[in-house]
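Chain and residue survey
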Amino acid sequence: MPNHKSAEKRMRQNERRKKINRGNRSRVRTAIKGLRSALGTGDAKQVKELLPGTISTIDKAVQNGALHKNAAARYKSRLTAHANAASSK
């Protein structure tokens, strides 16, 4: 338990940020999962529709601080490479 007023405030802030970060991370994971399932089915049209939205979601997570920029770049690069490979088939 916090012993100072500032420590109490910091705890409240941490709880608030934790909920926001969880939501952002969950949104990113759901978007990536949807794109990967579309890649698994081999539906090039659906992949083409989902890719920009997924990349946008990843970028927003970086802006919110829920995801590191290098991790986001890695996700975007790999997903785009897989999407390009799926569309060339």
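Below is a summary of the structure that appears in this document. Everything numeric here is computed off the predicted structure, so don't read it as measured data.

Thresholds, definitions, all that
- Residues numbered from 1 in each chain as written.
- Predicted model: local features only at pLDDT ≥ 70, side-chain atom pairs only at ≥ 80, totals over all residues.
- Heavy atoms only, no water.
- Helix = DSSP H or I, 4+ residues; strand = E, 2+ residues; numbered from the N terminus.
- Expected span 1.5 Å × (residues − 1).
- Bend = angle between axes of the 7 residues up to and from the residue.
- Buried < 20%, exposed > 50% of the residue type's maximum accessible area, 1.4 Å probe, protein only.
- Contact = heavy atoms within 4.5 Å.
- Axes fitted to C-alpha atoms, helices over the stretch in contact; angles between N-to-C directions.
- Parallel < 35°, antiparallel > 145°, perpendicular 65-115°, else oblique.
- Left-handed = near helix turned anticlockwise from the far one by under 90°.
- Nonpolar A, V, L, I, M, F, W, Y, C, P; charged D, E, K, R; others polar.

1. Re helix 2 (residues 44-64)
Here helix 2 spans 30 Å end to end across 21 residues, near enough to the 30 Å set by a 1.5 Å rise per residue. Of all the bends in helix 2, the greatest reaches close to 30° and is centred on Leu50; the proline Pro52 follows between one and four positions later. By the burial criterion, the buried members of helix 2 are Val47, Leu51, Thr54, Thr57, Ile58 and Ala61. Where helix 2 is buried, its residues touch helix 1 (5-41) and helix 3 (69-88). Where helix 2 terminates, the next one or two residues include Gly65, which has phi positive at roughly 85°.

2. Quick look at the packing of helix 1 against helix 3
With their axes 10 Å apart at the nearest point, helix 1 and helix 3 run at an angle of 25° to one another. Here helix 1 lies roughly parallel to helix 3, going by the angle between them. Where helix 1 crosses over helix 3, the handedness of that crossing is left-handed. Counting all contacts with helix 1, which are made through Ile32, Leu35, Arg36 and Leu39, the residues of helix 3 involved are Tyr75, Leu79, His82, Ala83 and Ala86. Residue composition of the contact of helix 1 with helix 3, by class: seven nonpolar, one polar and one charged.

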